[in-house]
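Observations on the three-dimensional arrangement
Chain by chain, the residues:
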Number of protein chains: 2
Amino acid sequence: MTEMKMVFRWFGHDDPVPLKYINQIPGMYGIVSALYDIPVGDVWPLDKITKLKQTIEEAGLHLEIIESVPVHEDIKLGHPTRDQYISNYQDTIRNLAKAGIKVICYNFMPVFDWTRTQLDKQLPDGSSTLVFYNEQLEKLSQDKNNLALPGWDTSYQKQELQALLEAYQDKTDEDLWASLSYFLKAIIPVAEECDIKMAIHPDDPPWSLFDLPRIIKNEQSLDRLISIVDSDSNGLTLCSGSLGCDANNDVIKLVKKFGQKNKIHFAHMRNVKILDNRDFEESAHYSATGSLDMSGILKAYADSNFSGYMRPDHGRMIWGEQGRAGYGLYDRALGASYLLGIWEAFTKE
Amino acid sequence: MTEMKMVFRWFGHDDPVPLKYINQIPGMYGIVSALYDIPVGDVWPLDKITKLKQTIEEAGLHLEIIESVPVHEDIKLGHPTRDQYISNYQDTIRNLAKAGIKVICYNFMPVFDWTRTQLDKQLPDGSSTLVFYNEQLEKLSQDKNNLALPGWDTSYQKQELQALLEAYQDKTDEDLWASLSYFLKAIIPVAEECDIKMAIHPDDPPWSLFDLPRIIKNEQSLDRLISIVDSDSNGLTLCSGSLGCDANNDVIKLVKKFGQKNKIHFAHMRNVKILDNRDFEESAHYSATGSLDMSGILKAYADSNFSGYMRPDHGRMIWGEQGRAGYGLYDRALGASYLLGIWEAFTKE
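An unreviewed UniProt entry annotates chain A as Mannonate dehydratase originating from Amphibacillus marinus. Per UniProt, the comment on chain A under Sequence similarities (unreviewed entry) is "Belongs to the mannonate dehydratase family." Among the UniProt annotations of chain A, the heading Pathway (unreviewed entry) holds the following wording: "Carbohydrate metabolism; pentose and glucuronate interconversion."

The next thing to look at is the overall build of chain A. From N to C terminus, chain A includes 12 helices and 12 strands. Its C-alpha atoms give chain A a radius of gyration of 19 Å, near enough to 20 Å, the size a compact globule of 349 residues would have. Considering only C-alpha atoms, chain A reaches an extent of 55 × 50 × 40 Å along its principal axes. Burial status across chain A gives 48% buried among its 349 residues. Looking at chain A alone, contacts between residues at least 24 apart form 72% of all its contacts between residues at least 6 apart.

The next subject is the sheet that holds strand β10 (residues 272-274) of chain A. All names here are of chain A. Pairing is antiparallel across the open sheet formed by four strands, whose spatial order is β5-β6-β11-β10. Of all strands in the sheet, those with a lone pairing partner are β5 (118-122) and β10, marking the two edges. On average, adjacent strands in this sheet sit at an angle of 35° to one another, irrespective of strand direction. Two strands pair when backbone bridges link them, and strand β6 (residues 128-132) and strand β11 (residues 280-282) are joined in this way by two bridges, in the antiparallel orientation. Each residue of the ladder has a partner; that of Phe 132, found in β11, is Phe 280.

Let us now look at the packing of helix α4 (residues 82-98) of chain A against helix α7 (residues 173-194) of chain A. Residue and element names in this part refer to chain A. At a minimum axis distance of 10 Å, the contact between α4 and α7 shows a crossing angle of 20°. With respect to α7, the element α4 is oriented roughly parallel. In the packing of α4 onto α7, the handedness of the crossing is right-handed. Packed against α4, whose contacting residues are Ile 86, Tyr 89, Gln 90, Ile 93, Arg 94 and Ala 97, the element α7 presents Phe 183, Ala 186, Ile 187, Val 190, Ala 191 and Cys 194 at the interface.

Our focus in this paragraph is the pairing of strand β8 (residues 234-239) of chain A. All names here are of chain A. Within β8, six of the six residues are buried, which leaves the element mostly enclosed by the surrounding structure. Of the pairings in the sheet, the one linking strand β7 (residues 197-201) to β8 comprises three bridges and is parallel in character. By the bridge assignment for β8, Ile 200 is matched with Leu 236. This β-α-β element, β7 to helix α8 (residues 219-228) to β8, shows right-handed connectivity. Pairing analysis gives four bridges linking β8 to strand β9 (residues 264-269), with the strands arranged parallel. Following the sheet pairing, Leu 238 is matched in β9 by Ala 267.

Attention now goes to the packing of helix α10 (residues 251-260) of chain A against helix α11 (residues 294-303) of chain A. How two helices sit against one another is set out by the angle between their axes and by the gap between those axes. Residue and element names in this part refer to chain A. The interhelical angle for the contact between α10 and α11, taken along N-to-C directions, is 10°, at an axis separation of 9 Å. On the basis of the axis angle, α10 is roughly parallel to α11. Note on element contacts: α11 touches α10 through Gly 296, Ile 297, Ala 300 and Tyr 301, opposite Val 251, Ile 252, Val 255, Lys 256 and Gly 259. Among the residues forming the contact of α10 with α11, the class breakdown is six nonpolar, two polar and one charged.

Our next topic: the interface of chain A and chain B. Contact residues are listed per partner, giving 31 residues for chain A and 31 residues for chain B. Looking at the side of chain A that touches chain B, the elements with two or more residues in it are α1 (19-23) and α12 (330-347) of chain A. Across the side of chain A that touches chain B, the residue classes tally to 16 nonpolar, 11 polar and four charged.

Rotating chain A by 180° about the axis while translating it 0.0 Å along that axis superimposes it on chain B, leaving an RMSD of 0.0 Å. This pairing of chains is accounted for by a two-fold axis. A share of 100% of interface residues in chain A that are also interface residues in chain B marks the association as one of identical surfaces.

Residues and elements named next belong to chain B. Strand order in the closed barrel formed by eight strands is β1-β2-β3-β4-β7-β8-β9-β12, and the pairing between neighbours is parallel. Neighbour-to-neighbour, the strand axes of the sheet open up by a mean angle of 30°, direction not taken into account. Relative to strand β2 (residues 30-33), strand β1 (residues 5-9) runs parallel, the two being bridged by three bridges. Looking at β2, one finds that Arg 9 is bridged to Val 32. Sitting on the sheet, helix α10 (residues 251-260) touches β8 (234-239) and β9 (264-269), and the angle it makes with β8 is about 155°.

Further remarks concern α10 of chain A. Residues and elements named next belong to chain A. Every buried residue belonging to α10 is among Val 251, Leu 254, Val 255, Phe 258 and Gly 259, and all of these are buried. The arc enclosing the buried residues of α10, seen along the axis, measures out at 115°, which places them on a common side. Within two residues after α10, Asn 262 carries a phi angle of roughly 55°, on the positive side.

Further remarks concern the confidence of the model for chain A. Of all residues in chain A, 98% have pLDDT values of 70 or greater, and the mean over the chain is 95. Prediction confidence for the complex, expressed as pTM and ipTM, is 0.96 and 0.95 respectively.

All names here are of chain A. Most of β7 sits out of view: five of its five residues are buried. What you see with β7 is no split at all: Lys 197, Ala 199 and His 201 on one side and Met 198 and Ile 200 on the other are buried throughout. Pairing geometry for strand β4 (residues 103-107) and β7, over five bridges, is parallel. Paired with Ile 104 across the two strands is Met 198, which belongs to β7.

At the junction of Asp 204 of chain A and Pro 205 of chain A, the peptide bond is cis and its omega measures out at -5° in the coordinates. The residue Pro 205 of chain A is located in the loop between β7 and α8 in this model. Here Glu 67 of chain B and Ser 68 of chain B are connected by a cis peptide whose omega angle stands at -10°. Take Ser 68 of chain B: it is sitting in the loop between β3 (62-67) and α3 (73-77). Positive phi, normally seen in glycine, also occurs at Val 111 of chain A, with a value near 65°. Tracing the chain through its elements places Val 111 of chain A in the loop between β4 and β5. Note on Val 111 of chain A: 20 C-beta atoms within 10 Å, which makes it buried. The backbone of Phe 210 of chain A shows a phi angle near 55°, a positive value even though the residue is not glycine. Within the fold, Phe 210 of chain A resides in the loop between β7 and α8.

Glancing now at α11 of chain A. Helical geometry note: an α-helix holds 3.6 residues per turn, so side chains three or four residues apart project in the same direction. Taken across its 10 residues, α11 of chain A has eight buried, putting it largely inside the fold. Along α11 of chain A, the residues that are buried comprise Met 294, Ser 295, Ile 297, Leu 298, Lys 299, Ala 300, Tyr 301 and Ala 302 of chain A. The inward-facing, buried residues of α11 of chain A contact α9 (240-244), α10, β9 and α12 of chain A together with α12 (330-347) of chain B. A positive backbone phi angle near 50° is found at Asn 305 of chain A, which sits one or two residues after α11 of chain A.

Structurally, Gly 27 of chain A is set in the loop between α1 and β2 (30-33). Beyond its immediate sequence surroundings of up to four residues, Gly 27 of chain A is in contact with Met 6 and Leu 340 of chain A together with Tyr 286 and Ala 288 of chain B.

Quick notes on the rules
- Residues numbered from 1 in each chain as written.
- Chains lettered and ligands numbered in written order.
- Predicted model: local features only at pLDDT ≥ 70, side-chain atom pairs only at ≥ 80, totals over all residues.
- UniProt positions renumbered as here; feature names shortened; annotations may be inferred.
- Helix = DSSP H or I, 4+ residues; strand = E, 2+ residues; numbered from the N terminus.
- Rg over C-alpha atoms; globule rule 2.2 N^0.38 Å.
- Buried ≥ 20, exposed ≤ 12 C-beta atoms within 10 Å, placed from the backbone.
- Contact = placed C-beta atoms within 7 Å.
- Pairing = 2+ DSSP bridges.
- Axes fitted to C-alpha atoms, helices over the stretch in contact; angles between N-to-C directions.
- Parallel < 35°, antiparallel > 145°, perpendicular 65-115°, else oblique.
- Left-handed = near helix turned anticlockwise from the far one by under 90°.
- Right-handed = clockwise from strand over helix to strand, strands pointing away.
- Nonpolar A, V, L, I, M, F, W, Y, C, P; charged D, E, K, R; others polar.
- Least-squares fit on C-alpha atoms with pLDDT ≥ 70 in both.
- Arc of directions from axis to C-beta.
- pLDDT = per-residue confidence, 0-100.

In structure tokens, the structure reads:
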């Protein structure tokens, strides 16, 4: 059987989901986590990384993959201060390698990470999920001076956010590509030395929002990304849900192509229900509940002898669970079990 | 895709697992349940069946299969009173058919149904499960006048149990076969008329306990069973865990053989970890946690175009759940998702 390793995202001690419970999910190999108390741009101290790893190992799980080491906005903006932040990022890579980390997930989205317009949309069966409705987005965007996105409300002070949006005002996609190129040329050699694989996460959703540049959104951009530095350490987090909510992206084709090139180090498995007008809803992992062919995607991974890390991505909130939207225990655990079933079927000898 | 229908066992309004939660499990088709307030041997009234069905349908689920309609001990013992009980059983079949039921699960185990020696064995990961250890069984059996089996303590009054055990004292396996044959010849024609499939559950574990006869335990006995009345309505509940805890039973072979004959109407999917000395522990459904090749078993079902009902059988207790041993929500839901994943992989076009 191909040694894909199933992991579960955990947000540290503040996460309402206990590590002990994650370890009771059959077939769960480890955790993907991060240090959440380090200001963006600072070096991650080795002792804190080691302590996190120890906590996870004491619960019977592995920590070999980080999601995410965030990239400071000055790097994305190409500000002169970026060199210090890049130097810090290199040191973080070195410290993570010392602690035995193998893969680092990151993204290059300006200002906002993933974006949804509602985090608790009630479904007919009483569960709730994250959705993206353009009608809601228009309402949210009406007053750019008071942009309040679900899930990001507390990430920025109002004035800080305004300053950031202004800084990006004249930035084009090509500017962002130039910044990404500069960043990769500096960090990939360090990652190579440390035997760390960098795995960029695609933009979510994979199109521009609030006039901000977004560049990692389709086959063409993934091609361009890997061509910047030709290295095993310059790879992808292939997120089925992020790329898949654009019906123009053929996720199975992308997995086949980049899987054969050994460029996929981390697989995010999520299903999504594509509606009209570029609206979408996050569905359960089960293929029949959404628009993606989940077993088709896993078949493509199995055929490319995928031996990286995989995680069930966002789940709905079911069974009355309260917690972090998209990151409850229950529906993600169902997703992991479903994915492991498909995987077993496709990889058994 | 072959139209296997995944169902979840539910014990009625006393069950701590709400129907609403079962309906939130992706891919869940329906419920398998029973009337729990009818004395064994009495006719199940149509209005009560209809009410149960309505309750389940209001929760978004189907009720097309019953587990179990119990067989009165007088039928198994071959007592003269059996004819009245058989007549009642026929009426129950007719009433279930009127309510749209398609399959009835039953068993022919004397006195005790499934038997375990401990229902809450703690596993290293903090979950708990049902086990069968012969050392524990010997202790339980030392005083036959005070037989107290986990899970059955309250099923019988002490004197009632004594009388039953005495009644079976001289009964052989052949006596029990004669009683089963008499029963089947009376009820299968009625089931045929009503388009109901009878599905016998194998003995669990599939060997004799407390010197009681047990006859449905291996390939040979399943062959004999279906030969008694040659009818589509005379079929099997193939329980992987019950048959599979005897290492001499090749569950994949059994599914292939009886699946090709269209004799399997109900699939119970459970994994089991076989230890030395005929001891065993119920494991998670995931193949790697037990002794059975779960995807191999499902492949055999898929290859025989199985279109019956399937349920995840017993689960462990995980995530701090309290409830009915073996029948918690969480681990069974993980099992269902895992099985649906394997099924999708093997049956997609």
